[in-house]
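Understanding the architecture of this molecule
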Amino acid sequence: MAGSISQVFCSSKLYLGGLRLETSMSPASIPSSRQQLVMRRFWQIEDVSGSNYSVDEQKCEDFYQETVSRDPSGRYWLDNRLEKDEELKTQYHVFMDEYISLGHMVPALDDDENSSTSCYLPHHSVVRQSSTTTKVRVVFDGSAKTSTGHSLNDALLVGPVVQDDILDIHLSFRMVMIAVVADAEKMYRQVLVHRADRSLQKILWPPSSSGSVKAYELCTVTYGLAPSSYLATRTLLQLVEDHGSEFPKASKALRKNVYVDDFICGENTIKDAIQLRTELTEMLQKSGFRLRKWCSNSLPVLAGLPPEFLGTQSSVKFGPDESIKTFGISWEPEADVFKFDTSIVIDNQTPTKRSILSAIARLYDPLGIIAPVVVQPKILMQHLWLLALESQPNSFKCGTVDTNGKSCEEQTVVIHQIKLTLPSVQTREEQISVFEEI
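To start, this report covers the structure provided alongside it.

Secondary structure summary: the protein chain contains 12 helices and 20 strands in total. Looking at the protein chain residue by residue over its 438 residues, the buried ones come to 38%. Put simply, 60% of the contacts in the protein chain that link residues at least 6 apart link residues at least 24 apart. Split by element, the accessible area of the protein chain, about 25300 Å² in all, is 53% carbon and sulfur.

Next up, the structure:
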């Protein structure tokens, strides 16, 4: 019945970039949100069928059933995720143990939870299987509300963006013959926080050595706090102000060719590229920063680097179709081309607006190169919102073709693979090849 009610209020047109999307909604007949709520409740009262859980509500119910258990006294409790996943628990402890061993967090001197100058940050794991270094990272949540109703981030200044736009950096990167790429290892954690402010970066953690929960203070700029990006990137500029005259090539690169912790720059000769690499290394070492994942389209630039500092498999030869990520885009240094490899899969059984939006977000394209491909699922998403469907769009009209569930997914939503090869400037080629498989 809910579906037929939605179809009653239909008739509107949308013009977007010369395209016309038609629905069957009439603005004059669209009920207010209050009216919609009343009508929905009316039919829910009359509905004598089974469960009316939404997709998200059902997932929550399923999760509860999977995790709930009872202790010997009969009390119910929810299992800790780390206790369920032994591998994740191990990697979590490895990450935090390293934090302690590097001196990036120390036992808190004042464990008074009622102190007005203390703030405890929750933390959780983020798993990145594509990472070549740390696949499990621990993220601290500075946006979590405290007992005051405000979060730590609410009280902190964000700071301005002090680096160039990602598009400008990427384009200037391909205006030179020899590319040089690297990233700063643990960049945020190389900048210390004043001791007076560390009580605002407290956490609770049971170290592997004891197992009992202890209070710690984070000693460095912490990922998850509002000003962290500004503090880390502004520190790089301060390094230029303090030592720029000693390292002219590195100074220019730090000002114009860095985005957060990614260095993407180059020179027109191998000699100059090697000099750039040397200057960057020496200059950053003066403040405790260390560059790793070095890569170049010219192997002589990488000569002499230890294997653990390389972004490629070897400094002697490239692997077959070897590629690295630069600002989220794959770059093949041997062929010196960019490419897009994207795999998107949506649940065929219960496609939702959330799952469709998640799929669109995976089409990362900071340069707008594959915009003609990305715009189609975006138009579909806008069309779904115009239809004012529930969170699970089992039936809707797309363009002039009525589709349901999987058939709509096959036509417009799921792009299983997108590959684009874009020659860099020095190849002097004028052809751009786009390969799309649906």
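Spatially, the three strands line up as an open sheet ordered E5-E10-E9, and their pairing is antiparallel. The open sheet has two edge strands, strand E5 (105-107) and strand E9 (202-205), and neither has a second partner. Going across the sheet, the axis of each strand differs from the next one's by a mean of 40°, ignoring polarity. Bridging between E9 and strand E10 (residues 214-218) involves four bridges; their strand directions are antiparallel. When the bridges of E10 are listed, tryptophan 205 appears paired with lysine 214. The strands touched by helix H5 (residues 86-101) are E5, E9 and E10; relative to E9, the strand with the most contacts, the crossing angle is about 130°.

To continue, consider the packing of helix H10 (residues 353-361) against helix H11 (residues 371-386). Geometry of a packed helix pair, given as the angle between the helix axes and the separation of the axes. Closest axis-to-axis distance for the H10/H11 pair is 10 Å, and the angle between their directions is 155°. On the basis of the axis angle, H10 is roughly antiparallel to H11. Considering how the two elements wind past one another, H10 and H11 form a crossing that is left-handed. The segment H10 lies against H11, with Lys353, Ile356, Leu357 and Ile360 engaging Pro377, Lys378, Met381, Leu384 and Trp385. Within the contact of H10 with H11, the residues separate by chemical class into seven nonpolar, no polar and two charged.

Conventions we followed
Residues numbered from 1 in each chain as written. Predicted model: local features only at pLDDT ≥ 70, side-chain atom pairs only at ≥ 80, totals over all residues. Heavy atoms only, no water. Helix = DSSP H or I, 4+ residues; strand = E, 2+ residues; numbered from the N terminus. Buried < 20%, exposed > 50% of the residue type's maximum accessible area, 1.4 Å probe, protein only. Contact = heavy atoms within 4.5 Å. Areas by Shrake-Rupley, 256 points an atom, 1.4 Å probe, with all protein chains shown as cover. Pairing = 2+ DSSP bridges. Axes fitted to C-alpha atoms, helices over the stretch in contact; angles between N-to-C directions. Parallel < 35°, antiparallel > 145°, perpendicular 65-115°, else oblique. Left-handed = near helix turned anticlockwise from the far one by under 90°. Nonpolar A, V, L, I, M, F, W, Y, C, P; charged D, E, K, R; others polar.

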